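For reference, the chains in residue letters:
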Amino acid sequence: MFRHDLANQRGVLRDGFRASSANADYIVALAGNPNTGKSTVFNHLTGLNQHTGNWAGKTVAQATGTYAHNGKRVLLVDLPGTYSLLSRSPEEEIARDFICFADPDATVVVTDATCLQRHLNLVLQVIEMTPRVVVCLNLIDEAKRKGIEVDCARLSERLGIPVVPTAARNGYGLERLKDCVEAVATGQLSPSPLEVRYPPTIERQIEAIEREIAPVLSGKLKPRWVALRLLDGDPSIVKSIERHLGVRMLDARKKVPA
Amino acid sequence: MPNSSVKREVAAGIDRIDIDCTAVVAADADSMTIEDTVKEHASTGRIEDEIVSAIYDHADAIATDVVLRHTRNRVDWDDRIDSILTSKAFGYPVMLLVLALVFWITISGANYPSALLSKLLFGFEDRLTELLLRLHSPEWLHGVLVLGMYRTLAWVVSVMLPPMAIFFPLFTFLEDLGYLPRVAFNLDHWFKRAGAHGKQALTMSMGFGCNAAGVIAARVIESPRERLIAILTNSFVPCNGRFPALIALAATFVGGMSASLSNLIASATVVGLVIIGILVTLLISLALSKTILKGVPSAFTLELPPYRKPQLGRIIVRSLLDRTLFVLKRAVIVALPAGAVTWVVANTYIGGTSVLDIASGWLDPIGRMIGLDGVILLAFILGLPANEIVIPIALMSYLSTGMMIELDSASAMHEVFVSKGWTLITALNFMLFSVLHFPCGTTLLTIKSETGSFKWAAVTAGITTLTAFVVCWLVAQTANLIGGLL
């Protein structure tokens, strides 16, 4: 069921969809680099049940759509195409904020099998934020044509999340993708993703900051990820946390005993 | 690579964090080292780089582990094709050829369905007249409804729909194929030299479809300065609403000079106008970035996506639903009231002269100065809601029949214009004015909503109109000079 009671905390990000999402069973975010066929996946899954508009307060186009699977209605939110989630542009900030604050039941990261390495960067960044991730390994047909073979089982094993090979243009693999998304969204499948380890000096700092901020976040965000963003010197994350979680980072942090 | 403006933003943001940090430090001495490290590293960007490179290394390691490449003497066709399409020698010629081909197909393909549609729609007009007569409707009602609204509608549909239905699928085909990013790649460094963003090449390309869409597309440019430049100069490339007029005039006044090569010459003329539009875009962008929108162009990485086999079904559905019907709907909504207003203005007499004639009489001296006349200027002003109706209004004024005349052939239009003193130079200036003048009402409103103020819409209208006047004046004076010498 759509969790109305939590909607408050999920904040403004979900507000925009409430009209269309009131009768959806899950909310699924669709992330990916530009030019991966993300829109093709989106169009194929939602067909003509689409709604386009703008992200609240931003001049960035937003598309949402629904599809039915095994008797459940799924609301699919097409996030802006981005190469990373480091909030260097309005698009990246929107994609990042949606994944961490709107708390989708699952996030699908569409990747391009013909240049996997570049696309794994985004996957690794997403799994730092949430474990409920499915990788859609798209353009598998094109990869084959180019003589590129991807060992999906091994990839899934290394990432610790499900990987579904697809060729969205002709619909190949999309049924399996829907099954996987459902399993992750319902919790039948709870992935335990790989944790990227950083050089020891950074790890020590992460640990220290993590300890300090964990109480403020009260389990809503992964402290490790927030610590990393603070280390990045990302100014927007503090603002976003304060706005969406309704806490004052600064005041709360003062209360932490030395 | 983070670009310079982003660096600035991040730097500005760090000040805020620094303030937060100081407060924390004062409250909690133990965290001092951490906060200090954060501050120090964030400002030098070293931690940021280390974090990013750790992610990249992981991605690398995993990809190497799971990806197997069969190296069986494969030719990378994408690279091969790109080495031609984006090369110094062939990049521009291929671009111009593709453009010319698109216009040629549009011009030659649209003639027949246009004639068919206009026959059909104007045939229906007689039925409408009969119906109104039978209902004993007053003459003015018949005038406003049939001679004003319906005729404008019929004109707009029959003239616009066929070229759109050909042009948009072709354009979408190029998009789907992956050619447009190559165009952007070719033009990128020109825009950078003009102090603008390379992605402006993309938003400009969108402008060929619809300037309002091009203005919205400028969202892909992150830096506000460069985004404004892209928005302000977008209407310098002709949109689909203006192509029919350009094509019709190019076909009759320029193409008409040679019967056998008519379509080719007409296509070349339209391509020439497009090139002029692009040059003016670059010049004005340069001028803006040197004056009111000063700054350094930011770097960006343009990824050339692989070529994809276009999906014909998708192209047709998307280009017809999203583009053709969208633009047509807009044109129809604007054309109906504009048709009614024009009819009323042309049929309201003050002292024996229609209001339309009085207004065009006032504008005549200004029009003559730039090689046009009062009627043409008035038509452009009345055509503000939609550029599609400029030619019909001009025709109506010339004939003073108080209604838009039926023109099932472009040569009839040509005859009317020639009898009113049009020369090759008049047609040329009309086309130039059409390419360079103020954007349509929808585009101006879009600029207002995208920039959040009327100011930038007004600035756009000012810059474009001034440019159009200057260019047309120069052409008219040069033509006079040459004419005088001969």
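Definitions and limits used
Residues numbered from 1 in each chain as written. Chains lettered and ligands numbered in written order. Predicted model: local features only at pLDDT ≥ 70, side-chain atom pairs only at ≥ 80, totals over all residues. Heavy atoms only, no water. Helix = DSSP H or I, 4+ residues; strand = E, 2+ residues; numbered from the N terminus. Buried < 20%, exposed > 50% of the residue type's maximum accessible area, 1.4 Å probe, protein only. Contact = heavy atoms within 4.5 Å. Areas by Shrake-Rupley, 256 points an atom, 1.4 Å probe, with all protein chains shown as cover. Core = buried A, V, L, I, M, F, W, Y, C linked by side-chain atoms within 4.5 Å. Phe/Tyr/Trp six-rings, centres within 6.5 Å; stacked < 30°, edge-to-face > 60°. Salt bridge = Lys/Arg side-chain N within 4 Å of Asp/Glu carboxyl O. Patch = residues over 30% accessible without salt bridge, like charges linked within 9 Å, V, L, I, M, F, W, Y side chains within 5 Å. pLDDT = per-residue confidence, 0-100. Pairing = 2+ DSSP bridges. Right-handed = clockwise from strand over helix to strand, strands pointing away. Axes fitted to C-alpha atoms, helices over the stretch in contact; angles between N-to-C directions. Parallel < 35°, antiparallel > 145°, perpendicular 65-115°, else oblique. Left-handed = near helix turned anticlockwise from the far one by under 90°. Nonpolar A, V, L, I, M, F, W, Y, C, P; charged D, E, K, R; others polar. Arc of directions from axis to C-beta.

Details of the overall build of chain A
- A tally of helices and strands in chain A yields 13 helices and eight strands.
- Evaluated residue by residue, chain A yields a buried proportion of 60% over its 258 residues.
- Excluding contacts between residues fewer than 6 apart, the proportion of contacts in chain A whose partners are at least 24 apart in sequence is 67%.
- Here chain A has roughly 10100 Å² of accessible surface; of this, 51% comes from carbon and sulfur atoms.

So, the overall build of chain B
- When helices and strands are counted, chain B shows 20 helices and three strands.
- Among the 486 residues that make up chain B, the fraction classed as buried is 51%.
- The long-range fraction of contacts in chain B, counting pairs at least 24 apart against all pairs at least 6 apart in sequence, stands at 75%.

Quick word on the nonpolar core
- Within the largest apolar cluster, 103 residues are counted, with the highest numbers of intra-cluster contacts made by B:Phe243, B:Leu249, B:Ile391, B:Phe417, B:Trp422 and B:Phe430.
- Leaving out residues up to four positions away in the same chain, B:Leu249 has contacts with B:Val254, B:Ile391, B:Met413, B:Phe417, B:Trp422, B:Ala427, B:Phe430 and B:Met431.
- In this structure, A:Leu85, A:Leu122, B:Ile51 and B:Ala59 belong to the second largest nonpolar core, which totals 64 residues.

Focus: the packing of aromatic side chains
Residues and elements named next belong to chain B.
- In this structure the tally under the stated criterion is eight aromatic pairs over all chains.
- Their ring planes at 55° and their centres at 5.9 Å tell us that Phe124 and Tyr150 sit as a pair that is tilted. Separated by 26 residues along the polypeptide, Phe124 in helix H5 (residues 91–134) and Tyr150 in helix H6 (residues 139–177) bring together distant segments of the chain.
- We classify Tyr150 as buried; its relative accessible area is 11%.
- An angle of 40° between the planes, with centres 5.6 Å apart, marks the rings of Trp422 and Phe430 as tilted.

Examining the pattern of salt bridges
- Evaluated as defined, the whole model comprises 19 salt bridges over all chains.
- One salt bridge in this structure joins A:Arg197 and A:Glu195, with 2.8 Å as the shortest N-O distance.
- The class for A:Arg197 is partly exposed, based on a relative accessible area of 47%.
- For the salt bridge of A:Glu203 with A:Arg224, the shortest nitrogen-to-oxygen distance reads 2.9 Å. Of this pair, A:Glu203 sits in helix H10 (residues 200–217) while A:Arg224 sits in helix H11 (residues 223–232); the two residues are 21 residues apart in sequence, bridging distant segments of the chain. A:Arg224 carries the same exposure label as A:Glu203, and that label is buried.
- Where salt bridges share partners, they join A:Arg154, A:Glu157, A:Arg158 and B:Asp65 into one cluster.

Regarding a nonpolar patch on the surface
All names here are of chain B.
- Side chains of Ile366, Met369, Leu466, Val470, Trp473 and Leu474 sit close together on the surface and give an oily, nonpolar patch of about 570 Å² of accessible area.
- Elements with a minimum of two residues in the nonpolar patch: helix H14 (355–369) and helix H20 (454–485).
- The element best represented in the nonpolar patch is H20, accounting for four residues.
- Mapped onto the elements, Val470 comes out in helix H20.
- Given the relative accessible area of 42%, Val470 is considered partly exposed.

Quick notes on unusual backbone geometry
Residue and element names in this part refer to chain A.
- Even without being a glycine, Asn70 presents a positive backbone phi close to 50°.
- For Asn70, a relative accessible area of 56% translates into the label exposed.
- Although it is not a glycine, Asp103 sits at a positive phi angle of roughly 50°.
- Position of Asp103 among the secondary structure elements: in the loop between helix H5 (90–101) and strand S5 (106–112).

Looking at the confidence of the model for chain B
Residues and elements named next belong to chain B.
- Averaged over every residue, the pLDDT of chain B is 78; residues scoring 70 or more account for 84%.
- Mean pLDDT per element in chain B: helix H1 (residues 4–27) is the minimum at 30, and helix H18 (residues 424–436) is the maximum at 94.
- Counting interchain partners and residues more than four positions distant, the pLDDT-below-50 stretch residues 1–38 has 46 contacts.

Concerning the environment of B:Arg308
- By the secondary structure assignment, B:Arg308 is in the loop between helix H12 (262–290) and helix H13 (312–347).
- Judged by relative accessible area, which is 16%, B:Arg308 ranks as buried.
- If we ignore the near neighbours within four places in the chain, the residues touching B:Arg308 are A:Asn35, A:Asp112, A:Leu139, A:Glu142, A:Arg169, B:Asp176 and B:Leu177.

Describing the side chain of A:His119
Residues and elements named next belong to chain A.
- Here His119 is to be found in helix H6 (residues 116–129).
- Note on His119: relative accessible area 2%, which makes it buried.
- Ignoring sequence-local partners within four residues, the contact set of His119 consists of Asn33, Thr36, Val110, Thr111 and Asp112.

Examining the environment of B:Ala154
Residue and element names in this part refer to chain B.
- Mapped onto the elements, Ala154 comes out in helix H6.
- For Ala154, a relative accessible area of 1% translates into the label buried.
- Each C-alpha atom, one on Ala154 and one on Leu120, is 9.2 Å from the other, the two residues being 34 residues apart in sequence.
- Not counting chain neighbours up to four residues away, the residues in contact with Ala154 comprise Leu121 and Phe122.

Some words on the pairing of strand S6 (residues 133–138) of chain A
Residues and elements named next belong to chain A.
- Of all six residues making up S6, six are buried, and the element is well covered by its neighbours.
- A two-sided burial pattern is seen for S6, the buried positions comprising Val133, Val135 and Leu137 on one face and Val134, Cys136 and Asn138 on the other.
- Across six bridges, S5 lies against S6 in parallel orientation. Across the sheet, Thr111 pairs through a bridge with Leu137, a residue of S6.
- You can see the chain leave S5, run along H6 and come back into S6, and the turn it takes is right-handed.
- Pairing of S6 with strand S8 (residues 163–165) involves three bridges; the strand directions are parallel. Looking at S8, one finds that Cys136 is bridged to Val164.

Quick notes on H11(A)
Residues and elements named next belong to chain A.
- Summarising burial for H11: nine of the 10 residues are buried, a large majority.
- Those residues of H11 that fall on the buried side of the exposure criterion are Arg224, Trp225, Val226, Ala227, Leu228, Arg229, Leu230, Leu231 and Asp232.
- Remark: Gly233 follows H11 within two positions and exhibits a positive phi of approximately 80°.

Description of the pairing of S5(A)
- Of all seven residues in S5(A), seven are buried; the element is thus mostly enclosed.
- Going residue by residue along S5(A), you find A:Ala106, A:Val108, A:Val110 and A:Asp112 tucked away on one face and A:Thr107, A:Val109 and A:Thr111 tucked away on the opposite face as well.

Looking at the packing of helix H11 (residues 243–254) of chain B against H18(B)
All names here are of chain B.
- Two elements in contact, H11 and H18, have axes whose closest approach is 10 Å; the angle formed by their N-to-C orientations is 165°. Considering their axes alone, H11 and H18 lie roughly antiparallel with respect to each other. Viewed along their axes, H11 and H18 form a crossing whose handedness is left-handed. The residues of H18 that touch H11, namely those facing Leu246, Leu249, Ala250, Phe253 and Val254, are Leu424, Ala427, Phe430, Met431, Ser434 and Val435.
- Grouping the amino acids of the contact of H11 with H18 by side-chain chemistry returns 10 nonpolar, one polar and no charged.

Brief notes about helix H4 (residues 77–85) of chain B
Residue and element names in this part refer to chain B.
- Along H4, the residues classified as buried are Asp78, Asp82 and Leu85. The arc that holds the buried residues of H4, viewed along the axis, is 70°, so those residues lie on one side. Turned more than 90 degrees away from the buried face of H4, the exposed residues are Trp77 and Asp79.
- On the buried face of H4, the contacting elements are H5 and helix H7 (180–193).

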